[in-house]
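Geometric and topological summary
Next come the chains, spelled out residue by residue.
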Protein chains: 2
Amino acid sequence: MLTTEDIGRIIRFHRKKAGLTQVQLARLAGVGKTVVFDIENGKESVRLDTLMKILAALNIRIELNSPLMAAFHERDDEKS
Amino acid sequence: MLTTEDIGRIIRFHRKKAGLTQVQLARLAGVGKTVVFDIENGKESVRLDTLMKILAALNIRIELNSPLMAAFHERDDEKS
DNA sequence: ACGATATTACCGCTTTAGCAGTAATTACAT
DNA sequence: ATGTAATTACTGCTAAAGCGGTAATATCGT
């Protein structure tokens, strides 16, 4: 299971690889510096849109997975 | 890119497959019924922990992916 | 069509996330 | 060791997330 601490570590890793400080990343993502710090430290009660802005700024994509996801995507195919 | 609307659709699909109503899922996940409705309808400003409780209740796992994730996991290996 | 169940909408209320500003602490160069 | 930049910590404030309760729609089986 992916925890918020894992998410924080992943974001910090990507930020450093990108050569950004927390403040720079915050500006880039359009969020406050406080929440960048919070997320990197595994805060659970952050807002989803805030997290997604940061992930997008670092080119990290979210994926959901389960045994039912195949069936879900087949359902998408019907629409096309 | 995975949007919050996608997340909502995925959750609704899993909930129905599990034979649960929104209220039942809410109780199961330990959250309010309102937020289950909100998330299924793509609300962006939900809290991450709330979303994760619902995902856990439905056995859906979150994954983050990027070109740098391989390098990140190699870093984990050093610890073991 | 009817009744039962589920979903959606709206309501106050309480809690708190996010913010900028600032200060303190830590890390990292030279 | 000293100075510079980065991280962490704290604060007061505003906006809003989440909550249960209730009511209005919508959905579905029979």
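Refer to the preceding data block for the structure.
The structure presented is a predicted model; accordingly, all values stated were derived computationally and were not measured.

1. Side note on the nonpolar core
In terms of nonpolar packing, the biggest core is built from 49 residues, with I11(A), I54(A), L64(A), I11(B), I54(B) and L64(B) touching the most fellow members. Leaving out residues up to four positions away in the same chain, I54(A) has contacts with I11(A), L25(A), A29(A), V31(A), V36(A) and I39(A).

2. Thoughts on the protein's contact with DNA strand C
As a structural note, the neighbourhood of DNA strand C is formed by 17 residues, with G32(A), S45(A), R47(A), R15(B) and Q22(B) the closest of them. Within 4 Å of the protein, atoms of DNA strand C come from sugar and phosphate in 80% of cases. At 3.2 Å from a base oxygen of DNA strand C is found a side-chain nitrogen or oxygen belonging to K33(A). Contact distances for DNA strand C include 2.5 Å between a phosphate oxygen and a backbone N or O atom of R47(A). Residue composition of the surface near DNA strand C, grouped by class: four nonpolar, seven polar and six charged.

3. Quick look at the interface of chain A and chain B
Contact with chain A, which involves 33 residues of that partner, is made by 33 residues of chain B. For the pairing of chain A and chain B, the buried interface totals around 3,300 Å² over both sides, and the portion due to carbon and sulfur atoms is 75%. Among the residues of chain A in contact with chain B, F13(A), L48(A) and L64(A) are the three that bury the most area, contributing 20% of the side total. For the pair chain A and chain B, the number of links is zero salt bridges. Where chain A touches chain B, the interface holds nine residue pairs in polar contact (both at pLDDT 80 or more). When residues of the side of chain A that touches chain B are traced back to their parent elements, those giving at least two are α1 (4–17), α4 (48–57), β1 (61–65) and α5 (69–79) of chain A. Broken down by element, the residue count for the side of chain A that touches chain B peaks at seven residues, all from α1(A). Residues that form the side of chain A that touches chain B fall into these classes: 17 nonpolar, seven polar and nine charged. Summarising the sheet, β1(A) and strand β1 (residues 61–65) of chain B pair through five bridges and their orientation is antiparallel. Among the inter-strand pairings, I62(A) is bridged to a residue of β1(B), identified as L64(B).

4. Some words on the protein's contact with DNA strand D
Every one of the 17 residues lining DNA strand D counts as a neighbour, but R15(A), Q22(A), G32(B), S45(B) and R47(B) are closest to it. If you look at DNA strand D and keep only atoms within 4 Å of the protein, 78% of those are sugar or phosphate atoms. The separation between a phosphate oxygen of DNA strand D and a polar side-chain atom of R15(A) is 2.6 Å. The contact in question runs from a phosphate oxygen of DNA strand D to an N or O atom on the side chain of S45(B), over 2.9 Å. Elements with a contribution of two residues or more to the surface near DNA strand D: α1 of chain A together with α3 (33–40) of chain B. With three residues, α3(B) is the largest single contributor of residues to the surface near DNA strand D. Class assignment of the residues belonging to the surface near DNA strand D gives a composition of four nonpolar, seven polar and six charged.

5. What about the pattern of salt bridges?
Summed over the entire model, instances satisfying the criterion amount to 12 salt bridges over all chains. R9(B) is the partner of D6(B) in a salt bridge, and the nearest nitrogen-oxygen pair spans 3.2 Å. Of this pair, D6(B) and R9(B) both sit in helix α1 (residues 4–17), three residues apart, which is roughly one turn of that helix. Connected through shared salt-bridge partners, R12(A), R15(A) and E40(A) make up one network.

6. Quick notes on the side chain of R15(B)
All names here are of chain B. Within the secondary structure, R15 sits in helix α1. Only 2.9 Å separates the side chain of R15 from the backbone oxygen of L20, close enough to count as a polar contact. In contact with R15, other than residues within four places in its own chain, are L20, T21, Q22, L25, E40 and L58.

Parameters and conventions
Residues numbered from 1 in each chain as written. Chains lettered and ligands numbered in written order. Predicted model: local features only at pLDDT ≥ 70, side-chain atom pairs only at ≥ 80, totals over all residues. Heavy atoms only, no water. Core = buried A, V, L, I, M, F, W, Y, C linked by side-chain atoms within 4.5 Å. Buried < 20%, exposed > 50% of the residue type's maximum accessible area, 1.4 Å probe, protein only. Contact = heavy atoms within 4.5 Å. Near = heavy atom within 4 Å. Polar contact = N/O pair within 3.5 Å; in protein donor to acceptor, adjacent residues only side chain to side chain. Nonpolar A, V, L, I, M, F, W, Y, C, P; charged D, E, K, R; others polar. Buried area = accessible area lost by both parts, 1.4 Å probe. Salt bridge = Lys/Arg side-chain N within 4 Å of Asp/Glu carboxyl O. Helix = DSSP H or I, 4+ residues; strand = E, 2+ residues; numbered from the N terminus. Pairing = 2+ DSSP bridges.

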